[in-house]
Structure formats: C-alpha cells, structure tokens
Amino acid sequence: MIEEQCLLPHNRSNLSQEKIRIINSVLNKIPQLSLSVRKIIEMASDKDVDSKELVEVASSDPVLASKILMMVNSSYYGLNHKIDNLRLAIVLLGFNEVRNLALQFGFMQALSGLDVDRMYDPKTLWVHSYLVSICAESFSREDDPKRAGVLMTLGILHDIGKFALHAIGIMMEKKGIKIESKKVFPPDVSLLVIEENLFGVNHSVIGAMLAERWNLSERTCAVIEHHHSPLFLDISEIQDEYIEDITITCMSDIIVNSLANDGKKFSELHPAFYERLGLIPPLEKLITDELRLKISTAEEYARNLE
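Residues numbered from 1 in each chain as written. Predicted model: local features only at pLDDT ≥ 70, side-chain atom pairs only at ≥ 80, totals over all residues. Heavy atoms only, no water.

**Quick look at the nonpolar core**
In terms of nonpolar packing, the biggest core is built from 86 residues, with Ile68, Ile90, Leu103, Phe107, Tyr130, Ile160 and Trp214 touching the most fellow members. By residue number, the principal contributor to this core is helix H6 (residues 95-111), which donates 8 residues. Every residue in contact with Ile68, bar those within four places of it in the chain, is listed here: Ala58, Leu86, Ala89, Ile90, Leu93, Val98 and Leu101. (Core = buried A, V, L, I, M, F, W, Y, C linked by side-chain atoms within 4.5 Å. Buried < 20%, exposed > 50% of the residue type's maximum accessible area, 1.4 Å probe, protein only. Helix = DSSP H or I, 4+ residues; strand = E, 2+ residues; numbered from the N terminus. Contact = heavy atoms within 4.5 Å.)

Dropping the structure here:
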C-alpha cells in the first residue's frame, strides 16, 4: 500500500538534496543538444521562417542533413525518383516535419550515451510525443501560425524526462537508495506517483531539469514540469503566464492516451482550466471526428517512418 502522503505527485521542492545531487550527476552525463537542433527549436515559433534558413541550419549538421534526405526518400513518401537536393527535401517535408526530425535526432543522439535499458520504449514514446504535438496544434487559432508552432514544439518536448528516468533509477540503486520495482499500485494512482515510488522522482521533474540544462526557454521548462498539474493542482497554483500552454499540453496528452486505450476515461481537469481557454467540458466532447482522423493519420505516418 502506498503511503497517504505519496498520493499526490512531488515537485522539485519535495526532493532531498541527495536526490537532486544524484539526478544532476546523471544529467551531467547527457550532452547538450547540437547547435543545429537548438536553432530549429528557436525557429519553431517564427511564422516567417523560410526553407532557405532551414537549409542553412541543416547544412551545418551533415548527420541531420542525411536524416532529412533519408526521410524524404523513404518508402512512405513513394517518390518516383531519389531526392539529393536538401532544399527540395525540406520544401517537400515542410517545416513541422523537419523540426520534429531534428528534435528526434537530437534527443536520441544526446541520450544514447546513457547505455541503460529504459523504462519506456523510445520509438513508442516518440510516436506518443508526435501525436500530442499534432493534437496540441488543433487548439491553436487558424490565424495564429506562430502559436501553432509553439504548441507543436511543446507537445514534442513534454515527455523528454521519460528518456532519462530509468537512468536515474539505476544510479540511485548504485547509491544505495532502494527502488521497489515489484511494488503493486492501486489502479487509480497516477503515473507520476508510480514513477516516484519506483525511481524516487517523476518524469516531469526530470524533464524540466534536463530542459534547463539544455538551455531551453522558461516557457518550455514550465510546461514540461507542469504538463500533468491541471489534474491535481488548483489553477491558482500554476504560474499564470503559462497556464494556457500547460493546459493545452495536458489536455492533448490525455486525449492521445484516451484514443490509444480505446476511449478509456482519464481524470478530468477542473472547469477553471477549460474556462481559461474558452472551452466547455467534458474533455470527451472536444474529441471530434476530425481530430480523431487527424491523430489516426499522424500515427500511421509516424509509425511508418524509420
């Protein structure tokens, strides 16, 4: 049985200095994102970015450039001839796909050095993050492409802590901090609490700390750390500047998980979060046929890419 005080997820203020030290010792082993990847993240919120700028950034990273050409020439696109022109490849793929590829490539490259079995399968996790980004985009206004780019980027990044979480657990065991991997949890206990009981910390906290180490924006760090908070915190307890981004990311995460689990119902957000976005609960009514098709198409696309 989980102790009563552990039923709500922790934040960084709940972590002991020893745990913070161990977490940082793992994060210090993770390289910085490459300059090209960081530049593409910065471009994500710029509605005026063009293919020439993307070509310049991608060309500075030969491995990323090769990944872009491999993607456009994959069987999924079914082109009649091979593309070896990077600018044409970027035009054909579009900025969103190039950004997603750059982020995926950057994360895998930075985290591959951990050399541990992960709690989460990287491919499955990446598909989930991609679908959350697609869902989050649907909550942006058509007349605000800059906002759409921000929301998609936040959706892609929201679960980066899961990539490093298992490494934290491994190191804690080596330091003598016991991890009860066979513990049985009640069905209504949140994933964050389960992670804390297994690894001593949850993926949201780890993700925010990793984002800070990668010098990502304050907005990005806040959304990563609090993308589950609308499920258990009052709206007044969340930094006002980022409430809308956090709420949209949280809702998108729930929607994607719900569709992946055949409509399984998840905890609802407090009505105040819907009101802030000008939406009417329940969340289930926001899952339109159009959104279902959009996510289904995106999933087929993501799973067919190598």
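Further notes follow.
**Focus on the pattern of salt bridges**
Tallied over the full model, the rule gives 9 salt bridges. We note a salt bridge from Arg147 to Asp245, for which the minimum N-O separation is 2.3 Å. With Arg147 in helix H8 (residues 145-157) and Asp245 in helix H13 (residues 243-260), this pair connects stretches of sequence that are 98 residues apart. Owing to a relative accessible area of 2%, Asp245 belongs among the buried residues under this scheme. The salt bridge partner of Asp159 is Lys162, with a shortest N-O separation of 3.3 Å. Taken together, the salt bridges that share partners define one network made up of Arg12, Glu212 and Glu225. (Salt bridge = Lys/Arg side-chain N within 4 Å of Asp/Glu carboxyl O.)

**Regarding unusual backbone geometry**
Across the junction of Pro281 and Pro282, the peptide omega takes the value 10°, indicating a cis bond. Here Pro282 is to be found in the loop between helix H14 (271-277) and helix H15 (289-304). Even without a glycine there, the phi angle at Asn215 is positive, about 60°. Along the chain, Asn215 falls in the loop between helix H11 (203-213) and helix H12 (218-226).

**Here's the deal with the side chain of Asn202**
Tracing the sequence through the fold places Asn202 in the loop between helix H10 (191-199) and H11. Judged by its relative accessible area of 1%, Asn202 is buried. Reaching out from Asn202, the side chain makes a polar contact with the side chain of Glu196 at a distance of 2.6 Å. Within the structure, Asn202 has its side chain in polar contact with the backbone nitrogen of Ser204 (distance 3.0 Å). (Polar contact = N/O pair within 3.5 Å; in protein donor to acceptor, adjacent residues only side chain to side chain.)

**Re the side chain of Arg99**
For Arg99, the position within the fold is in helix H6. For the buried residue Arg99, which engages in no salt bridge, the nearest side chain bearing the opposite charge is Glu97, 6.6 Å off. In this view, Arg99 contacts Ile40, Ala44, Gly149, Met152 and Thr153; residues no more than four positions away in its chain are not counted. (Lys, Arg positive; Asp, Glu negative; His and termini not counted.)

**Remarks on the confidence of the model for the protein**
Across the protein, the average pLDDT comes to 82, with 85% of residues at or above 70. Confidence over residues 1-6 falls short of pLDDT 50; this stretch has 8 contacts with residues more than four positions distant or in other chains. (pLDDT = per-residue confidence, 0-100.)

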